[in-house]
Every structure is written in structure tokens, then in C-alpha cells.
Amino acid sequence: MDGGADRRPGRAEAEAAVRVLLRYIGADPQAPELAATPQRVVDALDEHFAGYRRDPADVLGAPLAAPDLRGQLVEIRDVSFSSHCEHHIAPFFGTVDVVLRVGAYLPGIGHVADLVEVLARRLQLQERLTREIADHLEAALQPEGLLVVVRARHTCMSLRGPCRRRAWLRTLEGRGAFAENPETLAAALGLGARVPAP
Ligand SMILES: [Zn+2]
């Protein structure tokens, strides 16, 4: 009747699950101050994981052909994102830099930001997020070279102790002409040592 284990639960079921978790941690979901919490948590989940309801392949739109600009270097810097790690469902957040040597198509800055948004608003690993951004940009724009650099802080790490609070992670993915030594290019462009915004 309910369609089995693959059926997407309804909102009431999701809110009931939050009440179970509240009881699990020792809180009383009947307490007046917690009455609206399940509803707010499910609202937040809808927002944080909206990326599951969009196809990243659709986001880049109709690519803009510019054969006369082939070979030009385009940098899109500091596209901020927030995501959630698939291990703890804890937030991690930071910025994405994209460096692209134009091939078949020009990148639209709004489209790149939308792509980051769709991929980040899912359960992720920073490493996979970096690779997926590169995969989709490579497939859609067919650049001569592509470098994606992601720098992020992970709350599942920073909440565990003061010595880990300032730690951050950088991941790089190079494609085409930039596949060989992405870290050399990143350093040359000053993408190396900058700490992500707190
Ligand atoms: Zn984690």
C-alpha cells in the first residue's frame, strides 16, 4: 500500500522522525519550545538538499559557442557554497574557483554558480563535489583545460576540538591541458595558500 522502502516519505512522516530523534537525544518533543522544531528541521532539510530535485546537467543551459575566443583563460573565483558531509550530515562550507582555457564553449558565471549550488545541496564529500563540478563543466563546455579548486571548512572536524577549529581542506581537479600538474597552476594563480572565509 505504501509503495515499499523506496517510497519518498511524506512531510508528516519526516516530522515524526525528527520527534523520534529528539526523544533519542533526551529532549521532550512535547515541550512547548520544541513544538515547531520538527517542522523547522524538515523545512531546513528541504532547503539544504534541494539539489536532489534538480538535474545538474540541465543547469548549465545552452552553451555559448565562441570559436574566436578558443584558448583564452577565464577564471571564476570565490563561488561560495555550503554543503553537508555524507558521513555525519554536518555542514561544510567554503568556495570554489574555476580556471578554464576556453574550448568549444564559454562558461557563464551564473551557470557555474548554479551548478555548484545544485551539486552542493546534496550529501557530499568535498573530494566528490570537486570531481562532479569538473565532470559537468568538462562535458558541457569541452574546455581545452580546466582546473577546479575547492577550499572548505568542515564542522564535523571543527566541532571536535579547538586544535581542529582552524583546519581546512583544499581539493583540486585538473582536466585536459591542466590535468598534469593542477597544483602548479593553482599556485601560479594564487589559489594555493588562501584560507577560506570563516
Ligand atoms: Zn563529516
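Residues numbered from 1 in each chain as written. Predicted model: local features only at pLDDT ≥ 70, side-chain atom pairs only at ≥ 80, totals over all residues. Heavy atoms only, no water.

This part covers the pattern of salt bridges. This model, assessed by the stated rule, comprises 14 salt bridges. The residue Asp-97 makes a salt bridge to Arg-151 at a minimum N-O spacing of 3.6 Å. Of this pair, Asp-97 sits in strand β3 (residues 91-101) while Arg-151 sits in strand β6 (residues 145-154), and the two are 54 residues apart along the sequence. A relative accessible area of 0% places Asp-97 in the buried class. (Salt bridge = Lys/Arg side-chain N within 4 Å of Asp/Glu carboxyl O. Helix = DSSP H or I, 4+ residues; strand = E, 2+ residues; numbered from the N terminus. Buried < 20%, exposed > 50% of the residue type's maximum accessible area, 1.4 Å probe, protein only.)

Where helix α4 (residues 109-120) meets helix α5 (residues 126-141), the closest approach of the two axes is 10 Å, and the angle between their N-to-C directions is 135 degrees. When the axis of α4 is compared with that of α5, the two are oblique. The two elements α4 and α5 meet at a crossing, and its hand is right-handed. Between α4, through Val-112, Leu-115, Val-116, Leu-119 and Ala-120, and α5, the contact on the second element is made entirely by Leu-129, Glu-132, Ile-133, His-136 and Leu-137. Counted by class, the contact of α4 with α5 contains 8 nonpolar, 1 polar and 1 charged residues. (Axes fitted to C-alpha atoms, helices over the stretch in contact; angles between N-to-C directions. Parallel < 35°, antiparallel > 145°, perpendicular 65-115°, else oblique. Left-handed = near helix turned anticlockwise from the far one by under 90°. Contact = heavy atoms within 4.5 Å. Nonpolar A, V, L, I, M, F, W, Y, C, P; charged D, E, K, R; others polar.)

Let us now look at the coordination of the zinc ion. In ideal tetrahedral geometry, four donors around a metal make angles of 109.5 degrees, whereas ideal octahedral geometry with six donors gives angles of 90 or 180 degrees. Only Cys-85 (SG), His-88 (ND1) and Cys-156 (SG) from the protein coordinate the zinc ion, and they sit 2.2 to 2.3 Å from it. Positions of the donor residues of the zinc ion along the chain correspond to the pattern C-x2-H-x67-C. Of the two residues, His-88 sits in the loop between β2 (73-85) and β3 while Cys-156 sits in helix α6 (residues 155-158), which places them 68 residues apart along the sequence. For Cys-156, a relative accessible area of 19% gives the class buried. (Donors = N, O, S within 2.8 Å, 3.2 Å for Na, K, Ca; no water.)

Moving on to the sheet that holds strand β5 (residues 123-124). The strand order across the open sheet formed by 5 strands is β5-β2-β3-β6-β7, and the pairing between neighbours is mixed. The open sheet has two free edges, formed respectively by β5 and β7 (169-176), since each of these has just one partner strand. Alignment of β6 against β7, held across 8 bridges, turns out to be antiparallel. What sits directly across from Val-150, in β7, is Thr-171. Across the sheet, α5 is in contact with β2, β3, β5, β6 and β7; its angle to β7 comes to roughly 25 degrees. (Pairing = 2+ DSSP bridges.)

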